Amino acid sequence: AEATRGTRPRFSSGGGSTAYGMGEVGRNVSVGPFDILNDNQGVDFGPHLSRVLESIKSHWYNLVPDEGRPPLMKHGKVQIRFLITPSGKVAGMFIDRPSGDPPLDRAAYGGITASNPFDPLPPAYTRPYIELRIMFLYNLPLNSQ
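Residues numbered from 1 in each chain as written. Predicted model: local features only at pLDDT ≥ 70, side-chain atom pairs only at ≥ 80, totals over all residues. Heavy atoms only, no water.

Participant: Break down the overall build of the chain for me, with residues and values.
Facilitator: Tallying secondary structure elements over the chain gives three helices and five strands in all. Along the chain, from the amino end to the carboxyl end, the secondary structure elements read β-α-β-α-β-β-α-β. Burial status across the chain gives 47% buried among its 145 residues. Across the chain, contacts joining residues at least 24 apart in sequence account for 79% of those joining residues at least 6 apart. Accessible surface for the chain amounts to roughly 7,100 Å². Of this, 55% is attributable to carbon and sulfur atoms. (Helix = DSSP H or I, 4+ residues; strand = E, 2+ residues; numbered from the N terminus. Buried < 20%, exposed > 50% of the residue type's maximum accessible area, 1.4 Å probe, protein only. Contact = heavy atoms within 4.5 Å. Areas by Shrake-Rupley, 256 points an atom, 1.4 Å probe, with all protein chains shown as cover.)

Participant: Summarise the pairing of strand β2 (residues 29-36); cite the residues concerned and give the values.
Facilitator: Counting buried residues in β2 gives eight out of eight residues, a clear majority hidden from the surface. Where β2 lies against strand β5 (residues 130-138), six bridges are found, and the strand directions are antiparallel. Looking at β5, one finds that phenylalanine 34 is bridged to isoleucine 134. (Pairing = 2+ DSSP bridges.)

Participant: I'd like to hear about unusual backbone geometry, residue by residue, with values.
Facilitator: The residue after proline 70, namely proline 71, is reached through a cis peptide bond having omega 5 degrees. Between asparagine 116 and the following residue, proline 117, the backbone shows a cis peptide bond with an omega angle of 5 degrees. Along the chain, proline 117 falls in the loop between α3 (102-113) and β5. Of note, glutamine 41 is a non-glycine position whose phi angle comes to about 55 degrees, a positive value. Relative to the helices and strands, glutamine 41 resides in the loop between β2 and α2 (46-63).

Participant: Residue-level account of the pattern of salt bridges, with values.
Facilitator: Considering all chains together, one arrives at seven salt bridges under this definition. With its nearest N and O atoms 3.0 Å apart, the salt bridge here joins arginine 51 to aspartate 119. Here the residue arginine 51 occupies a position in helix α2, and aspartate 119 occupies one in the loop between α3 and β5, the gap between them amounting to 68 residues. With relative accessibility at 45%, the residue arginine 51 sits in the partly exposed group. For glutamate 131, the salt bridge goes to arginine 81, with nearest N and O atoms at 3.2 Å. Remark: arginine 81 occurs in strand β3 (residues 76-84) and glutamate 131 occurs in strand β5; sequence separation between them is 50 residues. What makes glutamate 131 buried here is its relative accessible area of 15%. One continuous salt-bridge network, built from bridges that share partners, spans Arg81, Asp96 and Glu131. (Salt bridge = Lys/Arg side-chain N within 4 Å of Asp/Glu carboxyl O.)

Participant: Tell me about the nonpolar core, and name the residues and values.
Facilitator: Counting residues in each nonpolar core, the largest one holds 31 residues, and the members touching the most others are Trp60, Ile80, Phe82, Ile112, Ile134, Phe136 and Tyr138. Going through the elements one at a time, β2, α2, β3, β4 (90-97), α3 and β5 are the ones with two or more residues in this core. Top element by residues in this core is α2. It accounts for six residues. Sequence-distant contacts of tryptophan 60, defined by excluding residues within four places in its chain, comprise Val29, Ser30, Val31, Ala107, Ala108, Gly111, Phe136, Leu137 and Tyr138. (Core = buried A, V, L, I, M, F, W, Y, C linked by side-chain atoms within 4.5 Å.)

Participant: Please set out α2 residue by residue, giving values where relevant.
Facilitator: The end-to-end C-alpha separation of α2 is 26 Å, in line with the 26 Å expected for 18 residues at 1.5 Å each. Among the residues of α2, Gly46, His48, Leu49, Val52, Leu53, Ser55, Ile56, Lys57, Trp60 and Tyr61 are the ones counted as buried. (Expected span 1.5 Å × (residues − 1).)

Participant: Just give me the short version of the packing of α2 against α3, but keep the residues and values in it.
Facilitator: Where α2 contacts α3, the two axes come as close as 8 Å, and the packing angle between them is 140 degrees. The pairing of α2 with α3 is recorded here as oblique in orientation. The handedness of the crossing between α2 and α3 is right-handed. Of α3, the residues touching α2 (which contributes Ile56, His59, Trp60 and Leu63) are Ala107, Ala108, Gly110, Gly111 and Ile112. Of the residues contributing to the contact of α2 with α3, the split by class is six nonpolar, three polar and no charged. (Axes fitted to C-alpha atoms, helices over the stretch in contact; angles between N-to-C directions. Parallel < 35°, antiparallel > 145°, perpendicular 65-115°, else oblique. Left-handed = near helix turned anticlockwise from the far one by under 90°. Nonpolar A, V, L, I, M, F, W, Y, C, P; charged D, E, K, R; others polar.)

See the structure below:
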């Protein structure tokens, strides 16, 4: 476990710069990779975090405001940090980097709150929470983080 202390695994939302989803929104908005910010205790969070990411993306895409869609195609990125308890509940959320456009920020925030609660954390993880950071990109390539 000591070897993993301080590591910050990164989980990707998919290959390349292709965004998840369908239609106009799917081509123009995407969720960047997200990071585990605290010690993962050597637990493989990959399968669990894939489900977390899919849930967030599906809810967020439904909340993207008109200005984030064609023809307006407003650009922006929102970085949110949040905690998930062992039972799967979101215990805290913080917008670390707002987009400067409140509707874009609200949609990203809503993607997480609408997904709450998530599945319980893996039983091998014994900490009181896992802290994650995720980036929401509006009409920007994934590499613009």
